[in-house]
Amino acid sequence: MHSTIDRSVLDYLKSLTLLCVEDNKTTQLLYDSIFEDLVKKIIFANNGEDGYQKFYDEDINIIIADYDMPVLNGIDMIKKIRNVDKDIPIILVSAIQEIDVIVQALQLNVNNFIKKPIVATEVMQAIENVSKLLIANNYIKEQREKRIKEFEKKEKYNSYQEDLAFSKELNIVRNDFYYHMIDNQCTALIDFFYKPLDVLSGDSYSVRKINDNIAFYLIVDGMGKGLSASLSSMLMTSYVNHTIDQMKNNSNFNLTNLVEMSLEYIRPILLDEEALSIDFITINCKEHIINYSKFAMPSILMQTKDEQIIKIKSNNPPMSKYTKDLTLSSYSTENISKFLFYSDGFIENSTITNDKQYAEFIENDFLNSFSKEEMVSNFLRRTYLQEDDITFIIINQLDLNSNNKFVEKVFKSTLDAVEEANDWYSNVWSNLSNNYKLAYNAGVVFSELFMNAFEHGNLGLDTKTKHKLLNDNTYFTKLEEMQEGCNKNITVKLHTIEHGTNRYIVTTIKDEGNGFDTNILSKLFKKSTSFNGRGVYISKKSSMGVYYNGIGNSVLFLHKI
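About the cut-offs
Residues numbered from 1 in each chain as written. Predicted model: local features only at pLDDT ≥ 70, side-chain atom pairs only at ≥ 80, totals over all residues. Heavy atoms only, no water. Helix = DSSP H or I, 4+ residues; strand = E, 2+ residues; numbered from the N terminus. Rg over C-alpha atoms; globule rule 2.2 N^0.38 Å. Buried < 20%, exposed > 50% of the residue type's maximum accessible area, 1.4 Å probe, protein only. Contact = heavy atoms within 4.5 Å. Salt bridge = Lys/Arg side-chain N within 4 Å of Asp/Glu carboxyl O. Axes fitted to C-alpha atoms, helices over the stretch in contact; angles between N-to-C directions. Parallel < 35°, antiparallel > 145°, perpendicular 65-115°, else oblique. Left-handed = near helix turned anticlockwise from the far one by under 90°. Nonpolar A, V, L, I, M, F, W, Y, C, P; charged D, E, K, R; others polar. Pairing = 2+ DSSP bridges. Patch = residues over 30% accessible without salt bridge, like charges linked within 9 Å, V, L, I, M, F, W, Y side chains within 5 Å. Areas by Shrake-Rupley, 256 points an atom, 1.4 Å probe, with all protein chains shown as cover. Expected span 1.5 Å × (residues − 1). Arc of directions from axis to C-beta.

### Quick word on the overall build of the protein
Each helix and strand counted, the protein has 18 helices and 22 strands in total. The globule rule puts the C-alpha radius of gyration for 561 residues at 24 Å, and the 32 Å found for the protein is more than 25% above it. Along the first, second and third principal axes, the C-alpha set of the protein runs to 100 × 60 × 55 Å. In the protein, which comprises 561 residues, the proportion classed as buried is 49%. In the protein, once contacts between residues fewer than 6 apart in sequence are set aside, the share between residues at least 24 apart is 68%.

Okay, structure coming up:
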């Protein structure tokens, strides 16, 4: 019977392990008689669940499985196997010829079918066919490995170019609110999440400070994939940033003009079939108004102070080379506490819940998320993996008033006061939480940032001088000299904020110094190991976020109890 099989295939079969999933003992004996001299090893399983486990535990090369089995039938077993291995050859044996079973088997990439009652020659023919498939796949694999070695140098070069391209993308993206809050008419924390799926991202964004009251938000989503979508998104973002810079220099920022000029710029660049989804948004915290021009982007989500969700839909179609008119709209934010802007990739991601997309959960997760970290955590617990570029911006307007302030203390600018402040803060936390790790992390953040307020803020000690003093072992001596002529104070306030069932502690430290340029902190995201202010970076890692005011003389950080 084996003589009908090609000699090269016979030799190859002797190196393979065959899994036979069959609950009928007579059929198992038949398989044993057919395959005992044909393959290296035969493994039998009595049902679909047993078959899946043996496939998982053993090094299997070919599977032959009955459809009608107890515990788990053949189709359901193959579904589980395909989740692990999409290519292993599978032969399905069935006494029925129902069309839905055949369709399911084809969709699961079943390689051959055998009809009951079993005929030995048909079994041999099926085994020969899948063996030839394995031989062909192995040949392809060998050729692929050979080509990989041949192109190794080229791949290294391409990788280098991709790194350069991604660095360029990060230079185009602008964010004026790295470690920076809005602290004027309101206290607003602005956080972002930008995670391209590939180096050539179709998503881009920018967050710009127009003045003390107005912030501008841009999210661009190239409708398509690859180089074309990425180029269009980056060109648009680069142009918008350049135009905003010019408008700020001339003190003539106007959202309508910005959108019109951006449309005029990008229109001749776009291909006939190409389009962009874009959010142009400003929020004025003094006048309590949001202005927006949304081009086929997902709805803005806003949470009211009484924890209701308001959705603002797009007011324009996708931006294309044929777009001529645009709409700009406004909405009062007097009663709004949180905002969320995001690209399609965020809500179109599949979840672990009955093939639903994340769009069905985003409102609830937004309502229950106080920070970016909580929003990301909620997203990750619902999804298997990222399927597209993801960009979102979340803004939380904190209500820091006398009703939720539970402690305030003013300290002098002395080394003794630094020690006193650390002890005092530790005692405050001992009454707030029994969680030692949480209290310790809060103490680490406070110690770092209070010391910054003392030495860099009130004493005006610059980083370069500090390092020289440390190297000369004269650091503390110099601080003692400088503090003698310093009459400035450091004010610490702690507020408690209730959000849903959670409670958050907001600590602010304000010195009376001249502040510093907070834009320098953006370097932490690019090369934190070489930045002198690593203490701020460590503080961010030990809290839910660190945010400086505009001039850099007040810092806020959060912890969740």
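### Some points on the pattern of salt bridges
Summed over the entire model, instances satisfying the criterion amount to 19 salt bridges. D365 is paired through a salt bridge with R381; the nearest N and O atoms lie 3.7 Å apart. Of this pair, D365 sits in helix 11 (residues 362-367) while R381 sits in helix 12 (residues 372-382), placing them 16 residues apart in sequence. Here D365 falls in the buried class, since its relative accessible area comes to 1%. Given the relative accessible area of 48%, R381 is considered partly exposed. K560 is the salt-bridge partner of E374, the closest N and O atoms lying 3.1 Å from each other. Pair noted here: E374 is in helix 12 and K560 is in strand 22 (residues 554-560), with a separation of 186 residues, a long-range link. We classify K560 as partly exposed; its relative accessible area is 34%.

### Quick word on the packing of helix 8 (residues 227-249) against helix 9 (residues 255-266)
Between helix 8 and helix 9, whose axes approach to 10 Å, the crossing angle comes to 140°. Between helix 8 and helix 9, the angle is such that the two are oblique. Considering how the two elements wind past one another, helix 8 and helix 9 form a crossing that is right-handed. Residues S232, L235, M236, Y239, V240, T243, I244 and M247 of helix 8 form the contact with helix 9, whose participating residues are N257, L258, M261, S262, Y265 and I266. Of the residues assigned to the contact of helix 8 with helix 9, the class counts are 10 nonpolar, 4 polar and no charged.

### Section: the sheet that holds strand 16 (residues 336-342)
Taken in spatial order, the 6 strands make up an open sheet running 7-8-17-16-13-14, and their pairing is antiparallel. A strand with exactly one partner marks an edge of an open sheet, and here the two such strands are strand 7 (181-183) and strand 14 (309-312). Averaged over all pairs of adjacent strands, the angle between their axes in this sheet comes to 15°, without regard to strand direction. Pairing of strand 16 with strand 17 (residues 390-398), which is carried by 5 bridges, proceeds in the antiparallel orientation. Within strand 17, the position partnered with L340 by the bridge is I394. Sheet strands in contact with helix 12 are strand 8 (187-195), strand 16 and strand 17, and its direction is about 135° off that of strand 17.

### Overview of the sheet that holds strand 22
Strand order in the open sheet formed by 5 strands is 18-19-20-22-21, and the pairing between neighbours is antiparallel. Edge strands, defined here as strands with exactly one partner in the open sheet, are strand 18 (405-412) and strand 21 (546-548). Adjacent strand axes in the sheet meet at a mean angle of 20° when their direction is disregarded. Across 7 bridges, the pairing between strand 18 and strand 19 (residues 489-499) is antiparallel. Bridge pairing links E408 to K493 in strand 19. The strands touched by helix 14 (residues 436-458) are strand 18, strand 19, strand 20 (502-510), strand 21 and strand 22; relative to strand 22, the strand with the most contacts, the crossing angle is about 180°.

### Concerning a nonpolar patch on the surface
The grouping of I99, I102, V103, L106 and F113 at the surface amounts to a nonpolar patch, some 450 Å² of accessible area in total. Here the nonpolar patch gets 4 residues from one element, more than from any other, and that element is helix 5 (residues 99-107). When you line up the elements, I99 lands in helix 5. Look at I99 and you get exposed, because its relative accessible area is 62%.

### Here's the deal with the pairing of strand 11 (residues 276-284)
Note on strand geometry: in a regular strand, side chains alternate between the two faces of the sheet. In terms of residue burial, strand 11 counts as a mostly covered element, since 9 of its 9 residues are buried. Taking every second residue as pointing to the same face, both faces of strand 11 are buried, with L276, I278, F280, T282 and N284 on one and S277, D279, I281 and I283 on the other. Examined bridge by bridge, strand 10 (residues 214-222) and strand 11 share 9 bridges and lie antiparallel to one another. Residue pairing across strands places D221 opposite S277, the latter belonging to strand 11. Direction of pairing for strand 11 relative to strand 12 (residues 289-295): antiparallel, over a ladder of 7 bridges.

### Digging into helix 9
For helix 9, built from 12 residues, the straight-helix expectation of 16 Å at 1.5 Å per residue is met to within 8% by its first-to-last C-alpha distance of 17 Å. All of the buried residues along helix 9 are L255, L258, V259, S262, L263 and I266. Looking down the long axis of helix 9, one finds its buried residues gathered within 130° of arc, a one-sided arrangement. Buried residues along helix 9 sit in contact with strand 10, helix 8, strand 11 and strand 12.

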